[in-house]
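The chain contents come next:
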Amino acid sequence: MSGTALKRLIKEYEGLLKNPPDGVLAAPISENNFFEWEAVISGPPGSPYEDGVFCATLTFPRDYPHQPPQMRFISPMFHPNIYSDGRVCISILHPPGEDPLGYELSCERWSPVQSVEKILLSVISMLSEPNDESGANLEASKKWREDREAFNKIADLTVRASLDLI
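Residues numbered from 1 in each chain as written. Predicted model: local features only at pLDDT ≥ 70, side-chain atom pairs only at ≥ 80, totals over all residues. Heavy atoms only, no water.

Explanation requested: the overall build of the chain in the structure shown.
In terms of helices and strands, the chain carries four helices and four strands. Counting from the amino terminus, the chain carries its helices and strands in the arrangement α-β-β-β-β-α-α-α. Scaling as 2.2 N^0.38, a compact globule of 166 residues should have a C-alpha radius of gyration of about 15 Å, and the chain matches this with 16 Å. On the principal axes, the C-alpha backbone points of the chain span a range of 50 × 40 × 25 Å. (Helix = DSSP H or I, 4+ residues; strand = E, 2+ residues; numbered from the N terminus. Rg over C-alpha atoms; globule rule 2.2 N^0.38 Å.)

This is the structure in structure tokens:
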């Protein structure tokens, strides 16, 4: 199975080289291991993360694309859908099939038609429009809902930290 996964990852990497999405760079960490990638994501314009530059990793399972990768921000992030350890919690990265909690539709979860590019674009969208109903970071979710000014101040510190300004 990993041969199929490797071929798919090489093809996706070549596609990203030819036509990279705005605000994102992503590539395998090493030519010897296409199952570990680094990504650099620019904070989306108009979002609390605007002007930030955030680093993340993507770890692909050997049965990719049948199962989703895991994504984790290396840069500190204060966001409703990012756990304190940097793990990203969005539907597209949840295993395929029915949600055991009944919150997500199966069509919102991972499927083999998804791609690295779609993941990265979903994360950019998530940075602009968090889902505070399914919070991975409860403090960030609460601030996003109840005290946007306080949330934005913390997000600004996150941006400044990403640029080594604090």
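Anyway, onward from the coordinates.
In this structure, what is going on with the side chain of Ser47? I would like to understand it.
Secondary-structure assignment places Ser47 in the loop between strand 2 (33-42) and strand 3 (53-59). Polar side-chain contacts of Ser47 include one of 2.7 Å to the backbone oxygen of Pro44. (Polar contact = N/O pair within 3.5 Å; in protein donor to acceptor, adjacent residues only side chain to side chain.)

So what exactly am I meant to see when it comes to unusual backbone geometry here?
A negative phi holds for most residues other than glycine; trans holds for most peptide bonds. Following Tyr64, the chain continues to Pro65 via a peptide bond in cis, the omega torsion being 10 degrees. A positive phi angle, near 80 degrees, is found at Asp51, a position not held by glycine. Mapped onto the elements of the fold, Asp51 is located in the loop between strand 2 and strand 3. Within the chain, Asp164 stands out as a residue other than glycine whose phi angle is a positive 60 degrees. Checked against the element boundaries, Asp164 lands in the segment after helix 4 (148-162). Given a relative accessible area of 69%, Asp164 falls into the exposed group. (Buried < 20%, exposed > 50% of the residue type's maximum accessible area, 1.4 Å probe, protein only.)

How do you make sense of helix 1 (residues 2-18) when you look at a structure like this?
Between its first and last C-alpha, helix 1 extends 24 Å over 17 residues, near the 24 Å set by a 1.5 Å rise per residue. Those residues of helix 1 that sit buried are Ala5, Leu9, Glu12 and Leu16. All buried residues of helix 1 project into a common sector of 65 degrees when viewed along the axis, lining one side. Turned more than 90 degrees from where helix 1 packs its buried face, Lys7, Lys11, Leu17 and Lys18 sit exposed. Lining the buried residues of helix 1 we find strand 1 (24-30), strand 2 and helix 2 (116-128). (Expected span 1.5 Å × (residues − 1). Arc of directions from axis to C-beta. Contact = heavy atoms within 4.5 Å.)

What am I meant to see in the pairing of strand 1 here?
Every regular strand shows the same layout, with side chains that alternate between the two sheet faces. For strand 1 and strand 2, the ladder comprises six bridges, and the chain directions are antiparallel. When the sheet's bridge partners are listed, Ala26 is paired in strand 2 with Ala39. Between the end of strand 1 and the start of strand 2, which pair antiparallel, lie two residues. (Pairing = 2+ DSSP bridges.)

What should I look at first to understand the pattern of salt bridges in this one?
Side chains that differ in sign of charge can pair as their charged atoms come close. Overall, the coordinates contain three salt bridges when judged by the stated rule. The salt bridge involving Arg87 is made with Asp85; its shortest N-O contact spans 2.9 Å. (Salt bridge = Lys/Arg side-chain N within 4 Å of Asp/Glu carboxyl O.)

By themselves, these figures tell us nothing about what the structure is for.
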